Amino acid sequence: MFLLENIQLALEGLKTNKMRALLTMLGIIIGIGSVIAIVTVGDSMTASVSTSMQSLGATNIMVMLQRKDSDSMRGSQMAGGNISAEDLISDEMIENYLRRYERSITAIGLSGSGGSAKAQDNRLYANVTITGANEGYSLVNNINVIEGRFLREGDIKSNRYVAVVSDKLVKNMFRANESPLGKEIKINSDNSMQTYTIVGVYKHEDSISMGPMGGASSSEKDIRTNLYIPITTCKIINSMEAGYQSITVMAGADTDSRKFTNDTRNFFNTYYANNARYEINAISMEAMMSTMTSMLGTLSIAVAVIAGISLLVGGVGVMNIMLVSVTERTREIGTRKALGARNSAIRAQFIVEAVIICAIGGLIGILTGVGLGYIGSVLLGSPGLPSIFIIVVAVLFSMVIGVFFGYYPANKASKLDPIEALRYE
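These numbers come from a predicted model, not from an experiment. (Residues numbered from 1 in each chain as written. Predicted model: local features only at pLDDT ≥ 70, side-chain atom pairs only at ≥ 80, totals over all residues. Heavy atoms only, no water.)

**Observations regarding the packing of helix α3 (residues 91-100) against helix α9 (residues 257-269)**
Here's step 1: It is at 11 Å that the axes of α3 and α9 come closest, and there the two elements cross at 140 degrees. Taken together, the axis directions place α3 and α9 in an arrangement best described as oblique. Crossing of α3 against α9: the hand is right-handed. Touching M93, I94, N96, Y97 and R100 of α3 are F260, T264, F267 and F268, all from α9. (Axes fitted to C-alpha atoms, helices over the stretch in contact; angles between N-to-C directions. Helix = DSSP H or I, 4+ residues; strand = E, 2+ residues; numbered from the N terminus. Parallel < 35°, antiparallel > 145°, perpendicular 65-115°, else oblique. Left-handed = near helix turned anticlockwise from the far one by under 90°. Contact = heavy atoms within 4.5 Å.)

**Quick word on a nonpolar patch on the surface**
Here's step 1: A cluster of nonpolar side chains, M19, L22, L23, L26 and I30, forms an exposed patch at the surface whose accessible area comes to about 490 Å².
Here's step 2: Within the secondary structure layout, I30 lies in helix α2 (residues 18-55). (Patch = residues over 30% accessible without salt bridge, like charges linked within 9 Å, V, L, I, M, F, W, Y side chains within 5 Å. Areas by Shrake-Rupley, 256 points an atom, 1.4 Å probe, with all protein chains shown as cover. Salt bridge = Lys/Arg side-chain N within 4 Å of Asp/Glu carboxyl O.)

**Remarks on the side chain of T40**
Here's step 1: Tracing the sequence through the fold places T40 in helix α2.
Here's step 2: Residue class for T40 comes out buried when judged on its relative accessible area of 3%.
Here's step 3: In contact with T40, other than residues within four places in its own chain, are G373, Y374, G384, L385 and P386. (Buried < 20%, exposed > 50% of the residue type's maximum accessible area, 1.4 Å probe, protein only.)

**A look at the packing of aromatic side chains**
Here's step 1: This structure, assessed with the given rule, holds 12 aromatic pairs.
Here's step 2: Between the aromatic rings of Y97 and F268, the centroid separation amounts to 4.9 Å while the plane-to-plane angle is 45 degrees, which identifies the pairing as tilted. Taken as a pair, Y97 in helix α3 and F268 in helix α9 lie far apart in primary sequence, 171 residues in all.
Here's step 3: Consider the rings of Y137 and Y228, whose centres lie 5.4 Å apart with planes at 50 degrees: the pair is tilted. (Phe/Tyr/Trp six-rings, centres within 6.5 Å; stacked < 30°, edge-to-face > 60°.)

**What about the pattern of salt bridges?**
Here's step 1: Per the counting criterion, the structure on display carries 6 salt bridges.
Here's step 2: Salt-bridge contacts for D87 lead to R277; the nearest nitrogen and oxygen are separated by 2.5 Å. Of this pair, D87 sits in the loop between β1 (60-67) and α3 while R277 sits in the loop between α9 and β11 (278-284), and the two are 190 residues apart along the sequence.
Here's step 3: One salt-bridge network, in which partners are shared between bridges, spans R149, D155 and R160.

**Some words on the environment of K186**
Here's step 1: Within the fold, K186 resides in strand β7 (residues 184-189).
Here's step 2: Taking the C-alpha atoms as reference, K186 lies 7.3 Å from D121; in sequence the two are 65 residues apart.
Here's step 3: Ignoring anything within four residues of it in the chain, the contact list for K186 reads K118, A119, Q120, M193, Q194 and T195.

**Side note on the nonpolar core**
Here's step 1: V63, Y97, Y228, I247, V249 and F268 are the most contacted members of the largest nonpolar core, which has 36 residues in total.
Here's step 2: Elements with a contribution of two residues or more to this core: β1, α3, β2 (105-109), β6 (162-166), β8 (192-202), β10 (246-251), α9 and β11.
Here's step 3: Discounting chain neighbours no more than four positions away, the residues touching I247 are I61, M62, V63, I94, I108, G109, L110 and F268.
Here's step 4: Judged by nonpolar contacts, the second largest core, of 28 residues, contains L14, M25, I28 and A354. (Core = buried A, V, L, I, M, F, W, Y, C linked by side-chain atoms within 4.5 Å.)

**Let's talk about the pairing of strand β3 (residues 111-121)**
Walk down a regular strand and you will see the side chains alternate between the two sheet faces.
Here's step 1: Pairing geometry for β3 and strand β4 (residues 124-133), over 10 bridges, is antiparallel. Across the sheet, the residue bridging to A117 is V128, located in β4. (Pairing = 2+ DSSP bridges.)

**Points about the confidence of the model for the protein chain**
Here's step 1: For the protein chain, the mean per-residue pLDDT works out to 81, and 87% of the residues sit at or above 70.
Here's step 2: Looking at the elements of the protein chain, mean pLDDT is at its lowest for helix α7 (residues 216-222), recorded as 61, and at its highest for β6, recorded as 96.
Here's step 3: Low pLDDT, under 50, characterises residues 72-77; the stretch is placed with 10 contacts to residues that sit more than four places away or in other chains.
Here's step 4: Low pLDDT, under 50, characterises residues 208-218; the stretch is placed with 10 contacts to residues that sit more than four places away or in other chains. (pLDDT = per-residue confidence, 0-100.)

**Here we look at α3**
One full turn of an α-helix is made of 3.6 residues, so residues set three or four places apart face in the same direction.
Here's step 1: Among all positions in α3, only M93, I94 and Y97 are buried. Looking straight down α3, one finds its buried side chains confined to an arc of 95 degrees; they lie on one side. Turned more than 90 degrees from where α3 packs its buried face, E92 and R99 sit exposed. (Arc of directions from axis to C-beta.)

**A few points about the pairing of strand β9 (residues 225-230)**
Here's step 1: Burial analysis of β9 places 5 of its 6 residues in the buried class, the great majority of the element.
Here's step 2: In the sheet, β4 pairs with β9 via 6 bridges, with the strands oriented parallel. The residue bridging T129 from the neighbouring strand is N226, located in β9.

**Points about unusual backbone geometry**
Here's step 1: Positive phi values are uncommon outside glycine, yet N122 reaches one of about 60 degrees.
Here's step 2: Mapped onto the elements, N122 comes out in the loop between β3 and β4.
Here's step 3: N122 sits in the exposed class, given a relative accessible area of 70%.
Here's step 4: Positive phi, close to 55 degrees, is recorded for N142, a residue that is not glycine.
Here's step 5: With respect to the element layout, N142 can be found in the loop between α4 (137-140) and β5 (145-148).
Here's step 6: Judged by relative accessible area, N142 falls into the exposed class, the value being 52%.

If you want it as structure tokens, here you go:
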């Protein structure tokens with residue numbers, strides 16, 4: 001009953017000074033809203049990055065050539081510059097590696113760039129990037145083949161002129177409902193032309209891309225997609241070295257990724273013991289995901305803490321307005337004390353009023369934060385809502401602010417001398 005009376009008095013006081021109460025709540029609203037929004041967007045960003053990296057293969061291990069003078073910050077960067085054929089990862093190394101760790105490996109992805117080109121048939125055309133690949137590339141890179149098949153071992157060993165094309169290319173080059181399988185396609189690149197037989201179609205994952213005119217139709221028509229051909233064929237056409245600067249290994253589901261990454265690094269480096277310039281570095285996608293998630297989580301917490309400082313500003317605003325309220329209601333306090341109100345009752349009245357201000361501000365802040373956080377997460381492509389935990393923390397924090405910053409004005413009001421208070425003008 002006593003609490004209900006104080007709540008009623010607090011609400012009546014807020015109704016009397018609506019604008020002042022709203023301005024007082026503003027710091028609380030901004031503080032809680034920004035914290036919830038930032039944490040929500042941070043969680044969404046982490047989820048989006050994790051999903052993207054998992055789509056590349058959570059058990060994948062990147063094995064790459066790097067200079068021996070690379071520092072720890074550049075350790076994951078591939079080698080560049082003047083690399084000789086003897087420095088590259090050879091097919092023999094890969095075959096020995098497969099024999100050694102056959103039970104721990106699901107697939108190995110090999111690739112080589114054939115450059116940009118254009119598929120053309122009279123007025124019909126499609127922009128492509130030629131990529132030489134082996135049979136394991138599809139599995140390692142999660143290529144979604146929707147028609148036909150991907151490249152096979154026979155295609156690689158026989159240097160066949162076959163290709164796996166995107167659904168975007170098929171849309172540009174073939175009539176609706178016409179199957180491209182078995183059809184030939186002419187590819188123009190660097191003033192030369194090759195003809196490939198289409199053996200498969202994969203689904204191209206759309207990304208933000210603008211065409212020459214910046215319009216949606218130009219983007220759709222001129223988007224550049226990968227055209228996969230046997231890596232051996234690609235090397236012959238482009239006179240590439242018989243080796244690789246990097247390969248991707250897909251470890252088995254039951255394989256200890258961290259241990260196998262170290263084993264892989266050590267295995268390949270036995271071939272580079274006498275190489276003065278280069279060595280092999282191996283990085284697991286799992287470790288990269290863990291590092292990235294940790295970094296994003298730390299960044300979100302840091303920004304949320306900075307945003308939370310506005311809650312302290314809001315708390316000072318609550319204290320300030322409560323001190324003004326005590327001054328304005330000095331005679332009222334004197335009258336209540338003259339009628340027998342105890343100091344604890346006066347103190348409770350003003351503390352409850354401060355808590356009500358913070359609670360209402362906190363509620364508005366939560367709704368604002370949830371709305372802004374959801375909009376931000378949608379823009380990032382990973383819609384999400386804040387966790388119940390962060391909302392509960394926000395509510396409790398706003399209550400604590402109300403009690404903490406409301407106590408001093410409430411205590412000051414409770415200690416007023418009733419006679420002096422009644423004389424106050």
